[in-house]
Amino acid sequence: MAYFEHEGCALHYEVYGQGEPLVLLHGLGSSCQDWEMQVPALSRHYQVILMDIRGHGRSDKPRDGYQIATFSADLLALLEHLNTGPVHFVGLSMGGMVGFQFAVDHPQWLRSLCIVNSAPEVKRRTRSDWARWLKRWGLARLLSVETVGKGLAERLFPKPQQAALRQEMAKRWARNDKRAYLKSFDAIVDWGVQERIGQIHCPTLVIAADHDYTPIQLKQRYVALMPHARLVVIDDSRHATPLDQPEVFNQTLLQFLAAASTSQGSLSPC
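Predicted model only: the values in this text are computed from it and were never measured.

A.B. asks: I'd like a rundown of the packing of aromatic side chains, residues and numbers included.
C.D. replies: The full count for this structure, using the stated rule, is five aromatic pairs. Residues Phe-100 and Tyr-222 carry aromatic rings whose centres are separated by 5.6 Å and whose planes lie at 85° to one another, so their mutual orientation is edge-to-face. Linking Phe-100 in helix 3 (residues 94-105) with Tyr-222 in helix 8 (residues 216-223), this pair joins segments that are 122 residues apart in sequence. Between the NZ or CZ atom of Arg-124 and the centre of the ring of Trp-130, over which it lies, the distance is 4.0 Å. Between Arg-136 and the ring centre of Trp-133, over which it is positioned, the NZ or CZ distance is 5.0 Å.

A.B. asks: Can you tell me about the sheet that holds strand 4 (residues 47-51), naming the residues and giving the values?
C.D. replies: Read from one edge to the other, the open sheet built from eight strands follows the order 1-2-4-3-5-6-7-8, with strand pairing classed as mixed. Two strands in the sheet have a free side with no partner beyond their single neighbour: strand 1 (2-6) and strand 8 (229-234). Here the average twist between neighbouring strands, direction ignored, is 25°. Examined bridge by bridge, strand 2 (residues 9-16) and strand 4 share four bridges and lie antiparallel to one another. Note on strand 4: the bridge partner recorded for Glu-14 is Leu-50. Sitting on the sheet, helix 2 (residues 68-82) is in contact with strand 1, strand 2, strand 3 (21-25), strand 4 and strand 5 (87-92), with an inclination near 120° to strand 1. Helix 10 (residues 246-262) rests against strand 3, strand 5, strand 6 (110-116), strand 7 (204-209) and strand 8 of the sheet, and its axis sits at about 155° to strand 6.

A.B. asks: An account of the nonpolar core is requested, with residue identities and associated values reported.
C.D. replies: Judged by nonpolar contacts, the single largest core of 53 residues is most densely connected at Phe-100, Leu-110, Leu-113, Ile-200 and Tyr-222. The contacts of Leu-113, once residues within four sequence positions are left out, are Phe-89, Gly-99, Ala-103, Ile-200, Cys-202, Pro-203, Thr-204, Leu-205 and Phe-256. Formed by 22 residues, the second largest nonpolar core is a distinct cluster that contains Val-39, Leu-42, Cys-114 and Val-232.

A.B. asks: Please give an account of the packing of helix 2 against helix 3 that cites residues and values.
C.D. replies: Where helix 2 meets helix 3, the axes come as close as 9 Å, and the angle between the chain directions of the two elements is 75°. Classified by the interaxial angle, the pair formed by helix 2 and helix 3 is roughly perpendicular. Seen from helix 2, the contacting residues are Ile-68, Ala-69, Phe-71, Ser-72, Leu-75, Leu-76 and Leu-79; seen from helix 3, they are Met-94, Met-97, Val-98, Gln-101 and Phe-102.

A.B. asks: Go over unusual backbone geometry, please, and point to the residues and values.
C.D. replies: A positive phi angle is found at Glu-7, which is not glycine, with a value near 50°. Residue position: Glu-7 is located in the loop between strand 1 and strand 2. Looking at Glu-7, the relative accessible area reads 68%, which means it is exposed.

A.B. asks: Please provide a residue-by-residue account of the pairing of strand 5, values included.
C.D. replies: Of all six residues in strand 5, six are buried; the element is thus mostly enclosed. Along strand 5, one buried face is formed by Val-87, Phe-89 and Gly-91 and the opposite face, lined by His-88, Val-90 and Leu-92, is buried too. Both strand 3 and strand 5 contribute to a ladder of four bridges, which runs parallel. In the sheet register, Leu-25 faces strand 5, and the bridge partner there is Gly-91. As paired strands, strand 5 and strand 6 are joined by six bridges and run parallel to one another. Its bridge partner being in strand 6, Val-90 is matched across the sheet by Cys-114. Where the polypeptide runs from strand 5 across helix 3 and back to strand 6, its parallel neighbour, the crossover connection is right-handed.

A.B. asks: Give me the pattern of salt bridges: which residues, what numbers.
C.D. replies: For the coordinates displayed, the defined rule picks out 12 salt bridges. Residue Asp-74 is joined to Arg-54 by a salt bridge in which the shortest nitrogen-to-oxygen separation is 2.7 Å. On the criterion of sequence distance, the pair formed by Asp-74 in helix 2 and Arg-54 in the loop between strand 4 and helix 2 is long-range, its members being 20 residues apart. Neither residue differs from the other here; Asp-74 and Arg-54 are each classed as buried. Here the salt bridges do not stand alone but share partners, grouping Asp-34, Glu-36, Glu-168 and Arg-172 into one network.

A.B. asks: Could you give me a rundown of the environment of Ala-164, with the residues and numbers involved?
C.D. replies: Note on placement: Ala-164 falls in helix 6 (residues 163-174). Along the backbone, Ala-164 and Ser-59 are 105 residues apart, and their C-alpha atoms lie at a distance of 26 Å.

The rules behind each value
Residues numbered from 1 in each chain as written. Predicted model: local features only at pLDDT ≥ 70, side-chain atom pairs only at ≥ 80, totals over all residues. Heavy atoms only, no water. Phe/Tyr/Trp six-rings, centres within 6.5 Å; stacked < 30°, edge-to-face > 60°. Helix = DSSP H or I, 4+ residues; strand = E, 2+ residues; numbered from the N terminus. Lys NZ or Arg CZ within 6 Å of the ring centre and 35° of its normal. Pairing = 2+ DSSP bridges. Axes fitted to C-alpha atoms, helices over the stretch in contact; angles between N-to-C directions. Contact = heavy atoms within 4.5 Å. Core = buried A, V, L, I, M, F, W, Y, C linked by side-chain atoms within 4.5 Å. Buried < 20%, exposed > 50% of the residue type's maximum accessible area, 1.4 Å probe, protein only. Parallel < 35°, antiparallel > 145°, perpendicular 65-115°, else oblique. Right-handed = clockwise from strand over helix to strand, strands pointing away. Salt bridge = Lys/Arg side-chain N within 4 Å of Asp/Glu carboxyl O.

Structural data, given as structure tokens:
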């Protein structure tokens with residue numbers, strides 16, 4: 001287990017393989033453990049770097065510092081600590097939000113950007129937006145992390161053949177620190193950098209599950225705002241695509257990364 005400290009917070013990270021550096025960043029309530037189906041395939045070609053976002057996994061759970069911009073600053077501190085130079089970045093859900101923030105704040109640090117089932121903003125603009133978030137806000141505070149984890153696992157992995165995965169993910173969610181989880185949850189609300197994503201010029205891939213929480217049309221709209229971005233839809237998948245469709249996800253990502261590496265000379269950095 002490796003740790004580094006940034007602004008008084010000890011953050012857990014892991015490094016596998018050799019080659020161009022490739023960062024994988026997890027989502028809300030998750031940890032670097034959830035990339036277990038990607039590390040063996042990706043580390044044969046890249047130096048894979050995983051980090052537990054503050055408040056998650058084996059990283060510290062401080063009382064404050066839960067903002068997407070802070071998570072982005074933690075990532076930059078890790079890359080400086082490892083002296084990686086520019087990296088390929090893959091972010092799932094909240095990790096994708098951190099990726100968007102990182103891309104607009106630190107473009108020189110990115111070789112490519114891959115966003116998985118995420119968005120460049122989470123804004124409460126309509127009554128339905130407020131109602132949906134109020135419901136989630138209330139349930140997150142009312143229910144235990146064990147109950148939340150069980151419900152999410154049943155929703156994300158509903159197939160009979162996913163029983164073992166469903167049980168394992170429910171156990172992992174139950175290990176969350178509730179206070180840190182709620183603060184991270186609140187960090188997402190009303191965050192956004194969509195007005196700046198036109199500045200992202202590195203090769204960008206957006207991966208969307210066909211049964212993700214948010215519609216494909218929303219992702220199509222923000223992909224159109226980025227000059228070197230494209231969208232790939234993965235069938236028969238929900239929000240946790242790297243776990244429910246690992247083979248298709250890995251193949252899609254590896255093809256993108258190979259193309260992004262060969263295009264570095266023709267495209268400007270992010």
